[in-house]
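Okay, here's what each chain looks like letter by letter:
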Amino acid sequence: MLLGHADGLSEMRSSRDQLLPDPESELEDDDDEAASTSEQILYTASFEELARNIIQYDTIIWFSISLLLVLAWGVGLIMLLYLPFRRYVLQKDISSRKLYVTQSHVVYKISRPSFIPFWGVITIEKQVPLSMVIDIIIEQGWLQSLYGIHTFRIESIARGKAAPVDELQVQGVANPGLLRKVIITEASKVMQDIGISRKPATLAEEGETFSQIGSPTERPLIFKSPSKSLKMTGSPRFSPMDRRGIIPEDLVLNKLEEVSRSVKLEMSGRKKVLVVGGTGYLGQHLLQGFLEVQDSHYDLAFTHHSTPPKALLDVIPHALAFHVDLQSGQGFDAISHAFGQPHVIVNCAALSVPRACEKDPSAAMSLNVPCSLVNWLSSFRENNALLIHLSTDQVYQGLKSFYKEEDETLPVNVYGKSKVAAEQFISDKCSNFAILRSSIIFGPQTMSPVPKSLPIQWIDSVLSKGEAVEFFYDEFRCPVYVKDVVAIILKLSNNWISEAKQTRLLLNVGGPDRVSREQMAKSVALIKGYETSLIKPVSASSVDRGVKSPADISMDIRKLVQTLSIHPTPFVDGVRLTLNTEARP
């Protein structure tokens, strides 16, 4: 479908557009709009991430129709010549779109040039009262799925129609599932207020009255227009209605039950887990781990910095995705409104490349010290959340073997210093936390492959070429298998939810083996049958990596084993599991 119901052009976007928490920042360039909005804007949908996909999708359809018409009558040539102007108008359309939710309305606004050249500017504003919303439909055709685009439809009983109508239809709303939940939640509040008060609610802008007499179980809802009566025939979908425009009781009750179920989810016994940095390597494995828990009682949400990959969203369709700027904190308010206060927050997000931290220390500090996250958690009235924070073994100086948690932290690079600062900040500001000082995390690739190089896979790839490769023999770590890290976090989460005891925990999270890079490479070679003579040991001091690296930051993990009764996988076994998983089709 090329043309949208509301604005003459149906817009297409990713199924995962985020809702921006600070709509004023999106509207600050439009003083007239801000002045005309008397109600607080609760949520704002974004139309930016997949603008290119929308234009490409529209172009393909327009081009296909043009070719057919060229073959049929030749008028398709005119359509092809018109295509550049159409793309220009569509770009202006997308950039001007504003879709947001207030306490009583869903508002959609656009301002773009007319599709007829020299016809001026078209400005459209559509307001849908939340009290009239009875259904929200998200659709996706085959071609739309190729571009990650959905059609978002709001059905309403407004304007005196006897049957529900598509009050608003747009394409290209990212994260439509989240937007649907927001609208349903706010609509349910409005409808419950109407049911409690049992008083007529007047829609002044429509000149019509929506009255509920008694409870929904006593009489049907009646929608009257003082100026005219309605006469509608029955349809296969809706039962016949009389001249008063009576809305079928079953229809209204079904919708009320639907939104009530959505609201009750917030009050159920299910526990909410938020993974910050859910599109990264550990974040994806962690989301998968929570999904695989038998009889799972978790509701999941995760944050992302850019558009979350479709492969990940397909695997975890019920998890909510939120765009969050960890430096400014923009995006956390949207989580509060749509997901609520989490019971467990796992912070996997970090600028974790030591060289990058060394080049930009201020960025390392602002990203790795979770000020915005902790401040957001402090805004909740109830202090019943556990923050699990991923730190690093690089907080240690590296002058001895098997560091313990109580050993002094003397990092030698900016990355380690930023992590020490984060640990101190969390300890000072949070009542309940678990800080995990992780070593190198290795394991199989994620559900949606991450772009960064994974250690075991990289070693395998370079040795498979049959060429000699240099590896450090004098830097030691305790690499930990990713599934063990997931098991540790799941155990901490379950303990917190079941016991709710104050938790202030610091743990070394590494594997049981102290190994050098050379030993890591030899393990891969032995398992895959490569010649170990290809592995050339060199000193770390012989290579300038642009950042100082600690020599030996192996860790003592006895406290981890004693506290959680988890015994991490030996390194060679983890490598074998990783390579066997990668070998599967």
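Because the structure is predicted, anything quoted here is derived from the model rather than measured.

**Digging into the packing of aromatic side chains**
Evaluated as defined, the whole model comprises 12 aromatic pairs. Look at Y57 and Y147: their rings are 6.3 Å apart centre to centre, the planes differ by 75°, and that puts the pair in the edge-to-face class. Within this pair, whereas Y57 is found in helix 3 (residues 51–72), its partner Y147 is found in the loop between helix 5 (142–146) and strand 8 (149–156), the two being separated by 90 residues in sequence. Consider the rings of F442 and Y481, whose centres lie 5.7 Å apart with planes at 50°: the pair is tilted. Of this pair, F442 sits in strand 19 (residues 441–442) while Y481 sits in strand 22 (residues 480–481), and the two are 39 residues apart along the sequence. Like Y481, F442 is buried. Members of the aromatic cluster, connected to one another through ring pairs, are W62, Y82, F85 and Y88. Positioned over the ring face of F339 is K272, at 5.7 Å from the centre of the ring. One Lys or Arg, K400, reaches over the ring of Y403 and ends 5.2 Å from the middle of that ring.

**Regarding the nonpolar core**
Burial of nonpolar side chains together is a common tendency in soluble globular proteins. One finds L99, I183 and F322 to be the most contacted residues of the largest nonpolar core, which totals 62 residues. Sorting elements by how many residues they give to this core places helix 6 (residues 176–197) first, with seven residues. Mapped onto the domain boundaries, this core takes at least three residues apiece from domain 1 (41–193) and domain 2 (269–583). Excluding its chain neighbours within four sequence positions, the residues that come into contact with I183 are V101, V106, L130, V133, I136, F152 and I154. Core analysis: the second largest hydrophobic core is formed by 43 residues, L313, M447, V485 and W496 among them.

**Observations regarding the sheet that holds strand 14 (residues 298–304)**
Picture the strands of a sheet paired through backbone hydrogen bonds; they go either parallel or antiparallel. Overall, parallel pairing links the seven strands, which are arranged 15-14-13-16-17-18-23 in an open sheet. Of all strands in the sheet, those bounded by a partner on one side alone are strand 15 (320–323) and strand 23 (504–509). Each neighbouring strand pair of the sheet contributes to a mean axis angle of 20°, computed without reference to strand direction. In this structure, strand 13 (residues 271–276) lies alongside strand 16 (residues 344–347), joined through four bridges in parallel fashion. Its bridge partner lying in strand 16, V273 is registered against V344.

How each quantity is defined
- All residue numbers here refer to positions counted from 1 along the written sequence of the relevant chain.
- A pLDDT threshold of at least 70 governs which residues receive local features in this predicted model, and a stricter bar of 80 or more applies before side-chain atom pairs are shown or counted, although totals over entire chains, interfaces and linings include all residues.
- The side-chain numbers reported here are obtained from all heavy atoms of the structure, hydrogens and water having been left aside.
- Put simply, two rings from Phe, Tyr or Trp (the six-membered ring, in Trp's case) pair if the centres are within 6.5 Å, and we call them stacked under 30 degrees between planes, edge-to-face over 60, tilted for the rest.
- Runs of H or I in DSSP of at least four residues are treated as helices and runs of E of at least two as strands, each being numbered from the N terminus.
- A simple rule labels every residue: compare its accessible area, found with a 1.4 Å probe on the protein chains alone, to the largest value its type can have, and call it buried under 20%, exposed over 50%, or partly exposed in between.
- We count a charge as sitting over a ring when the NZ of a lysine or the CZ of an arginine lies within 6 Å of the ring centre and within 35 degrees of the ring normal.
- By nonpolar core we mean a set of buried residues, namely Ala, Val, Leu, Ile, Met, Phe, Trp, Tyr and Cys, connected to one another through side-chain atoms within 4.5 Å.
- The domain limits used here are those given by an automatic or database domain assignment.
- The contact criterion used throughout is that any non-hydrogen atoms of two residues lie within 4.5 Å.
- Criterion used throughout: strands pair if DSSP finds at least two bridges between them.
- Note on definitions: angles span 0 to 180 degrees between N-to-C directions of axes, and those axes are lines fitted to C-alpha atoms, for helices only across the stretch in contact.

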